[in-house]
Amino acid sequence: MSEVVYGKRELRRARYAVATVFAVHGAVTGSFATRVPWIQDHASVSAGQLGVALAFPAIGASVAMPLASGISHRFGARAALRGLLALWTLALVLPSLAPNLLTLCVALFVYGATAGMSDVAMNALGVEVETRLDKSIMSGLHGMWSAGALIGSAAGTLAAHLGSDARLHHALAAVALTLIGVAACQGVLDLRPTQDEEAPPRFALPPRSALLIGAVGFCAVFAEGASLDWSAVYLRDVLDSSAGVAAASTTGFTLTMAIARLAGDRVIDRFGPVRTVRVGGVLATLGGLLVVAAPNVVVAMSGFALLGLGIAVVVPLCFAAAGRSGPNPAQAIAGVATITYTSGLIAPSAIGTIADASSLVVSFGLVTALAFGLAAFAGVLRTGARQTAEVASHEPVQRAKS
């Protein structure tokens, strides 16, 4: 990409703009998730068929994400993000229009494909802003995604409570989010390739530099997916809690992650990505052990909260490390995103399969082992790291005058 020099005011504007984009992206997800029961009834699909259909967003994202770097190269980062984000926000209306299983699968494939491509584009721009500001912002950006998801789900919950038609709800939400997203994209960095820069391949496998980083992200997303989808079931079936308390565990886990991400940048700037993830891995491992050994509901909920706290900043740091690991940030980010999306796809079913063969306690033993992997392999996030306190504590850093 072209080496355009941006002033501090432009970079601050770009930071707020890309933060808004993250919030819009999350709001689409929250808006969709709350209306899944309505969509299931409208499409007349069983629970098993719905499970099959809900695999298609991850499939669509995994297939389409490698295309994002080529789109950004051809049209420029700002125009690419504007178009891909608009496609994603408008795709919100598709699942609620599906009258049967086949059309629902197609709609969710498109929904996931546009989600994945816009995800790569916005993370690539976020990494670029972080690099130019020379301070961590990726955790906060992902915290904005979580905040957007909470806002979208709150609006969706209200719409469902009022008994509104999801087609109308999603149409109105899509229009509003598209307008907000397009306006926000005007403020992101307008990065364009240099004349002699070769275009990336239209479809490429993840670069080698992204594989180890993606493996760390895999562990975090597996723990996240398992906790989100199974924490309530765990409390109900293993510890015989009430439905309300079980549901509260999922809400608490989500809030813990959102708060940790919003506050995570200061911690990362102070201690560096490797130390932060190592400590997070220890906290997540301790949380997993509390869940597995919990004698009562309070201990288990504390364990899930620690899991959320420990893994909260891992994925943002994986995207940041990928974006600095090679000459093509979008391609590396797409590789890491593909691996993490795959983890999110297989985690819920893997937990269920293991639980059927043994128990949910054993399933979360696997989650605990993967959480320990975060502490053990955090060093791979040092790849291309900024000169944070983690490096500065070992050698002086001379900053170029702007």
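Bear in mind the structure is a predicted one, so any value in this text is a computation, not a measurement.

(A) Structural detail: the packing of aromatic side chains. With the rule as written, the count across this model stands at six aromatic pairs. With a centroid separation of 4.7 Å and 50° between ring planes, the pair formed by W88 and Y111 is classed as tilted. Taken together, the residues W88 in helix α6 (residues 77-90) and Y111 in helix α8 (residues 101-133) connect sequence positions 23 residues apart. In this structure, W88 and Y111 share a single accessibility class: buried. Judged by centre distance (5.5 Å) and plane angle (85°), the rings of F304 and F364 are edge-to-face.

(B) Looking closely at the pattern of salt bridges. Within this structure, the stated rule accounts for four salt bridges. A salt bridge links E128 to R132, with the shortest nitrogen-to-oxygen separation between them at 2.7 Å. Of the two residues, E128 and R132 both sit in helix α8, four residues apart, roughly one turn of that helix. R324 is paired through a salt bridge with E130; the nearest N and O atoms lie 2.9 Å apart. Linking R324 in the loop between α15 (314-323) and α16 (329-357) with E130 in helix α8, this pair joins segments that are 194 residues apart in sequence. Of the residues examined, E130 reaches a relative accessible area of 2% and is grouped as buried.

(C) Here's a closer look at unusual backbone geometry. Of note, S44 is a non-glycine position whose phi angle comes to about 55°, a positive value. Tracing the backbone through its elements, the reader meets S44 in the loop between α2 (36-43) and α3 (47-53). You will see that D134, though not glycine, has its phi angle at about 60°, which is positive. Within the fold, D134 resides in the loop between α8 and α9 (138-161).

(D) Here's a closer look at a positive patch on the surface. A grouping of K8, R9, R12 and K135 is seen on the molecular surface, where their side chains present a positively charged patch. Tracing the backbone shows R9 in helix α1 (residues 8-33).

(E) Molecular detail of the side chain of T89. Secondary-structure assignment places T89 in helix α6. The buried category is assigned to T89, whose relative accessible area is 1%. Engagement of the side chain of T89 in a polar contact is seen with the side chain of T178, the distance being 2.6 Å. Those residues within four positions of T89 in sequence are excluded, and the remaining contacts are V24, V28, A174, L177 and T178.

(F) How the structure looks around the packing of helix α13 (residues 273-293) against helix α17 (residues 360-376). Running from N to C, α13 and α17 point in directions that differ by 165°, and their axes come no closer than 7 Å. Accordingly, the angle class assigned to the pair α13 and α17 is roughly antiparallel. Considering how the two elements wind past one another, α13 and α17 form a crossing that is left-handed. In contact with V277, R278, G281, V282, A284, T285, G288, L289, V291 and V292 of α13, α17 contributes V361, F364, G365, T368, A371, F372, L374 and A375. Of the residues belonging to the contact of α13 with α17, the class tally is twelve nonpolar, five polar and one charged.

(G) Up close: α13. The end-to-end C-alpha separation of α13 is 30 Å, in line with the 30 Å expected for 21 residues at 1.5 Å each. For α13, the complete set of buried residues consists of P273, V274, T276, V277, G280, G281, A284, T285, G287, G288 and V291.

(H) Layout of the confidence of the model for the chain. Mean pLDDT for the chain: 86, with 90% of residues reaching 70 or above. Here helix α18 (residues 389-392) stands out as the element of the chain with the lowest mean pLDDT, 41, in contrast to helix α10 (residues 166-185), whose mean of 97 is the highest.

Reading the values: rules and limits
- Every chain begins its residue count from 1, and numbering advances along the sequence as written.
- Residues qualify for local features only when their pLDDT is at least 70, as the model is predicted, and side-chain atom pairs are given and counted only at 80 or more; totals for whole chains, interfaces and linings, by contrast, use all residues.
- Side-chain measures here rest on the full set of heavy atoms in the structure, leaving out hydrogens and waters.
- Any two rings among Phe, Tyr and Trp, with Trp reduced to its six-membered ring, count as a pair given centres within 6.5 Å; such a pair is stacked if its planes are under 30 degrees apart, edge-to-face if over 60, and tilted if neither.
- Think of it this way: any DSSP run of H or I at least four residues long counts as a helix, any run of E at least two long counts as a strand, and we number them from the N terminus.
- Burial classification: accessible surface area is computed with a 1.4 Å probe over protein chains only, and a residue below 20% of its type maximum counts as buried, one above 50% as exposed, and the rest as partly exposed.
- The term salt bridge refers to a side-chain nitrogen of Lys or Arg lying within 4 Å of a carboxyl oxygen of Asp or Glu.
- Patch membership requires over 30% relative accessible area and the absence of a salt bridge. Like charges are linked within 9 Å, and nonpolar side chains (Val, Leu, Ile, Met, Phe, Trp, Tyr) within 5 Å.
- Each accessible area is a Shrake-Rupley estimate made with a 1.4 Å probe; only the visible protein chains count as cover when residues are assessed.
- In this tally, Lys and Arg are treated as positive and Asp and Glu as negative; His is ignored, and so are the chain termini.
- Note on charges: their place is set at NZ of Lys, CZ of Arg, CG of Asp or CD of Glu.
- Any pair of N or O atoms that falls within 3.5 Å is considered a polar contact. Within protein, one atom must be able to donate a hydrogen and the other to accept it, and sequence-neighbouring residues count only if both atoms are side-chain atoms.
- Here, two residues are considered to be in contact whenever any of their heavy atoms come within 4.5 Å of each other.
- Note on geometry: axes are lines fitted to C-alpha atoms, helical ones only across the stretch in contact, with angles between N-to-C directions running from 0 to 180 degrees.
- Here roughly perpendicular refers to angles of 65 to 115 degrees, roughly parallel to angles under 35, roughly antiparallel to angles over 145, and oblique to all remaining angles.
- It is the rotation of the near helix from the far one that decides the hand of a crossing: anticlockwise by less than a right angle makes it left-handed, clockwise makes it right-handed.
- Three classes are used: nonpolar for Ala, Val, Leu, Ile, Met, Phe, Trp, Tyr, Cys and Pro, charged for Asp, Glu, Lys and Arg, and polar for all others, with Gly counted as polar.
- By this rule the span expected of a helix is its residue count minus one, scaled by 1.5 Å.
- Per-residue confidence from the predictor is reported as pLDDT, a score between 0 and 100.

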